[in-house]
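Observations on chain architecture
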There are 2 protein chains.
Amino acid sequence: MALIVQKYGGTSVGTIERIQAVADRVIETKKQGNQVVVVLSAMSGETDRLLSLAKALSHTPTPRELDVLLSTGEQVTIALLSMALEEKGYPAVSYTGGQVHIRTDNEHNKARIVDIEAARVHKKLNEGKIVVVAGFQGIDEDGNITTLGRGGSDTTAVAMAAALEADECRIYTDVDGVYTADPRIVQNAQRLPLITYEEMLEMASLGSKVLQIRSVEFARKYNVNLRVLSSFEDGPGTLITDEDENMEAALISGIAHNRDEAKLTIVGVPDMPGIASKILGPIADANIEVDMIVQNVGLDNSTDFTFTVNRIDYDKAFEILQKTAKSIDAKDVSGDNTIVKISAVGVGMRSHAGIANTMFKALADEGINIQMISTSEIKVSVVVAEKYLELGVRTLHTAFGLDKGSIVDAND
Amino acid sequence: MALIVQKYGGTSVGTIERIQAVADRVIETKKQGNQVVVVLSAMSGETDRLLSLAKALSHTPTPRELDVLLSTGEQVTIALLSMALEEKGYPAVSYTGGQVHIRTDNEHNKARIVDIEAARVHKKLNEGKIVVVAGFQGIDEDGNITTLGRGGSDTTAVAMAAALEADECRIYTDVDGVYTADPRIVQNAQRLPLITYEEMLEMASLGSKVLQIRSVEFARKYNVNLRVLSSFEDGPGTLITDEDENMEAALISGIAHNRDEAKLTIVGVPDMPGIASKILGPIADANIEVDMIVQNVGLDNSTDFTFTVNRIDYDKAFEILQKTAKSIDAKDVSGDNTIVKISAVGVGMRSHAGIANTMFKALADEGINIQMISTSEIKVSVVVAEKYLELGVRTLHTAFGLDKGSIVDAND
């Protein structure tokens, strides 16, 4: 008998009919002889409805009270699903975050899980019950209700799986797994049967929005087998797990892209110690996140300094940078918000040379100019003009042998 | 410094604007130097909305899960009011029933309060905070969420006042107090400045729907000063409290009426021991509540047995009674669902003879025929034809000296 944690998002429980469908899916898993714990989000739209009530009373609602308010959303869905399960003849019991002691720190609106009391859940599972838990919420050590921030239900599910030592944590979404590239761009993209935590983290940070990053970090930390599946159709999905021998075969797991970035360059900066912090300090002070950073020293002992920010912060960052340029005596500021980042991700590249070279050559063959390069242990990213997005992704997908037919799905 | 518990119902917190108005009223009480605890219902309509979601999933939703669902209604309003108070510069903290340990038995959907932990609330009050508590809900000893049933927020407020040893528990409603009679019928009806628990209980059981009966019982048991006031206008309302010397003056506090009753008679019943239970047993088995019961023994050693039920149960009761008549060999069954009950209520009648006589004479003078009579220590009730409702109430209101000008309001 396996212990399975399933998590369903707001769209999956958005109507009475969909809650019925979730109940059927839960019952199917139970019928296969598993113990089942279900973690739920609020009905889609509910969190926004509650937020608008709060905003009507205050521009900056008290964080503690906002959590009391927002946590009602999941409390509604856990009660409804439990009723649906009972109506179909399967004993179920719902728990709020507080009731199963999902202990968090006291950072309201963005709390982090500290501990989960597994005993009560195990007891109910052993009685044959399906346990339905509210995602996204917990309590601090004084018993105050906290929330984990948007998307936090994924994290609740993984933390619950870790605490219960579950065999698998299944996250049901509107896609049927993680793909080698965005299927809307690459027709030949394939669902990956397996992917490592590290790869998934890179994918997520590169804009692939299948899973919340924190939940993947949590899964890696506690070694939870995490599976992404579709709420709406059957299929094995993608298993996110520890690296194993089978994975060595593939150099690259996927080609990710991010079109939310913009590039800024400050030109002719006097090259001296501490200059980077003089440039990036005011950017950070304005709460603007910086992604890639590249610095080259030129012949005349001055340097060009380039970095990328989220596209919505472009105008603000440009303005700040112009002030900085004056104060540090730089020559000029330039920028481009029509760029994209394309990345090849794979744990395989650790042990194989030449990945970057393959990438650069494939792009060059198509006449695509590379504006910036950044590498990590399991990722090579390049910045190119936005117009090359589709061509670049498809070229790399083919170059790394990811097109359909090249991967054997161990789960099928 | 006094400690005041205030309770606002669903209509008073039904919109953002009304929540703002409640916040202003709470702040006013706080500014007068009081400690304030506020107990809230769900926004009007919310409980019905949640119930309809549950009913869409199950005709008989699991009682435990129904409580998890319905209790979110008050959790929303306590968060919103606390935000409104904080926005206006008054520190506030909200608590669900579980968070302040409103311990109940485990009778889901109609739980009874066992105990309240006052320490946490006192601590917050002593820190200068306004404490906002969810009405209608609690937790059982296993930590399951329970609800007290409809109208239970009044009971929460009184129980909270008892546990905190509050100076007064103020129930804000859509009327500005308890009247000597229904002002829609008696133009000269007056707001009572004071009324005893016993009188209020009789009034409530006679159809005066100002307060939930259980909350008055609770207030009497724990000697809580209970005040009914209007949410929408200022005024002293009516104080419900223990009998005191001042009250001796008034024989009768008010004239109540109830038009929700119907009368059934079984005629020519052989008079023998146990006959009453043979008649009423099947009625009780069908979950029909019986109010007044009158039995007369006739000359021929047979008896007529008359009782009243709620008007919506009339047809069902009539049918049952016809079967009973056959089985016990009674002559006939008759009934009337166009009757009303009119009652004179007052602790003063305990020590004064002749109340019933004054009542019967006044009605007789107007040609109103009395069909049934029932008396208690502080109440005389008569059943008359429905067409005499207004005339009967007005006649008694005048006969007992209750018309405007006859009572001095000690609070004004």
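Attention here is on the structure that accompanies the text. (Residues numbered from 1 in each chain as written. Chains lettered and ligands numbered in written order. Predicted model: local features only at pLDDT ≥ 70, side-chain atom pairs only at ≥ 80, totals over all residues.)

**Quick look at the overall build of chain A**
Each helix and strand counted, chain A has 12 helices and 20 strands in total. Scaling as 2.2 N^0.38, a compact globule of 412 residues should have a C-alpha radius of gyration of about 22 Å, and chain A matches this with 24 Å. Dimensions of chain A, computed from the C-alpha atoms along their principal axes, are close to 75 × 55 × 35 Å. Each of the 412 residues in chain A was classed as buried or not, and the buried ones make up 49%. (Helix = DSSP H or I, 4+ residues; strand = E, 2+ residues; numbered from the N terminus. Rg over C-alpha atoms; globule rule 2.2 N^0.38 Å. Buried ≥ 20, exposed ≤ 12 C-beta atoms within 10 Å, placed from the backbone.)

**Here's the deal with the packing of helix 4 (residues 72-87) of chain A against helix 4 (residues 72-87) of chain B**
Between two packed helices, both the angle of their axes relative to each other and the distance between the axes serve to describe the pair. It is the contact of helix 4 of chain A with helix 4 of chain B, at a shortest axis distance of 10 Å, that shows an interaxial angle of 180 degrees. As judged from the angle between their axes, helix 4 of chain A and helix 4 of chain B are roughly antiparallel. Only Thr72, Gln75 and Val76 of chain B of helix 4 of chain B make contact with helix 4 of chain A, whose side of the interface consists of Thr72, Gln75 and Val76 of chain A. (Axes fitted to C-alpha atoms, helices over the stretch in contact; angles between N-to-C directions. Parallel < 35°, antiparallel > 145°, perpendicular 65-115°, else oblique. Contact = placed C-beta atoms within 7 Å.)

**Some details on the environment of Tyr95 of chain A**
Residue and element names in this part refer to chain A. With respect to the helices and strands, Tyr95 occurs in strand 3 (residues 92-95). Take Tyr95: there are 24 C-beta atoms within 10 Å of it, and that puts it in the buried class. A sequence separation of 10 residues divides Tyr95 from Leu85, and the C-alpha atoms of the two residues are 14 Å apart. Apart from residues lying up to four places away in sequence, Tyr95 is in contact with Val100, Val131, Val133 and Ala134.

**Here's the deal with the relation of the copies chain A and chain B**
The two chain copies are related to each other by a rotation about an axis together with a translation along it. Of the two same-sequence chains, chain A is brought onto chain B (RMSD 0.1 Å, axial shift 0.1 Å) by a rotation of 180 degrees. Classification of the inter-copy transformation places it as that of a two-fold axis. For chain A, the minimum C-alpha distance to the rotation axis belongs to Thr72 of chain A and amounts to 2.6 Å. A high fraction, 100%, of the interface residues of chain A reappear at the interface in chain B, so the copies pair face to face through one surface. (Least-squares fit on C-alpha atoms with pLDDT ≥ 70 in both.)

**Examining the sheet that holds strand 12 (residues 238-241) of chain A**
Residues and elements named next belong to chain A. Reading across the sheet, the 8 strands line up as 3-6-2-1-9-11-12-10 and stay open at both edges, with mixed pairing between neighbours. Of all strands in the sheet, those with a lone pairing partner are strand 3 and strand 10 (194-196), marking the two edges. This sheet shows a mean twist of 20 degrees between the axes of neighbouring strands, independent of strand direction. Here strand 1 (residues 3-8) runs beside strand 2 (residues 35-40); their pairing, made up of 6 bridges, is parallel. Across the sheet, the residue bridging to Gln6 is Val38, located in strand 2. In the packing of helix 5 (residues 119-126) onto the sheet, contacts are made with strand 2, strand 3 and strand 6 (130-134), and the angle to strand 6 comes to roughly 150 degrees. (Pairing = 2+ DSSP bridges.)

**A word on unusual backbone geometry**
The backbone phi angle of Asn223 of chain A is positive, close to 55 degrees, even though this residue is not glycine. Along the chain, Asn223 of chain A turns up in the loop between helix 8 (213-222) and strand 11 (226-230). Residue Asn287 of chain B is not a glycine yet carries a positive backbone phi of 60 degrees. Residue position: Asn287 of chain B is located in the loop between helix 9 (275-285) and strand 15 (290-297). Look at Asn287 of chain B and you get exposed, because 8 C-beta atoms sit within 10 Å.

**Notes on helix 6 (residues 152-164) of chain B**
All names here are of chain B. The end-to-end C-alpha distance of helix 6, which contains 13 residues, comes to 18 Å, matching closely the 18 Å that a straight helix rising 1.5 Å per residue would cover. Buried residues dominate helix 6, accounting for 13 of its 13 residues. Among the residues trailing helix 6, Glu165 stands out with phi positive, at a value near 50 degrees. (Expected span 1.5 Å × (residues − 1).)

**Remarks on the interface of chain A and chain B**
In this complex, chain A contributes 27 residues to the contact, which on the side of chain B involves 27 residues. For the side of chain A that touches chain B, the elements supplying multiple residues, two or more each, are helix 1 (16-31), helix 2 (46-57), helix 3 (63-70) and helix 4 of chain A. Looking at which element gives the most residues to the side of chain A that touches chain B, the answer is helix 4 of chain A, with 11 residues. Residue classes in the side of chain A that touches chain B are distributed as 15 nonpolar, 9 polar and 3 charged. (Nonpolar A, V, L, I, M, F, W, Y, C, P; charged D, E, K, R; others polar.)

**Quick word on the pairing of strand 2 (residues 35-40) of chain B**
Residues and elements named next belong to chain B. The element strand 2 is largely enclosed, with a buried count of 6 among its 6 residues. Residues Gln35, Val37 and Val39 line one face of strand 2 and the alternating positions Val36, Val38 and Leu40 line the opposite face, and both faces are buried. Handedness of the crossover is the feature at issue here: the chain leaves strand 1 (residues 3-8), passes through helix 1 (residues 16-31), returns alongside strand 2, and the resulting connection is right-handed. Bridge count between strand 2 and strand 6 (residues 130-134): 4 bridges; the pairing is parallel. (Right-handed = clockwise from strand over helix to strand, strands pointing away.)

**Some words on the sheet that holds strand 20 (residues 379-385) of chain B**
Residue and element names in this part refer to chain B. Across the sheet, 4 strands lie side by side as 13-18-20-19; this open sheet has antiparallel pairing. The open sheet is flanked by strand 13 (254-258) and strand 19 (372-376), the only strands paired with a single partner. Along the sheet, successive strands turn relative to each other by an average axial angle of 20 degrees, direction set aside. One ladder, built from 7 bridges, connects strand 18 (residues 339-345) with strand 20; its direction is antiparallel. Its bridge partner lying in strand 20, Val340 is registered against Val384. Each of strand 18, strand 19 and strand 20 is contacted by helix 11 (residues 355-365), which is oriented at about 20 degrees to strand 20, the strand it contacts most.

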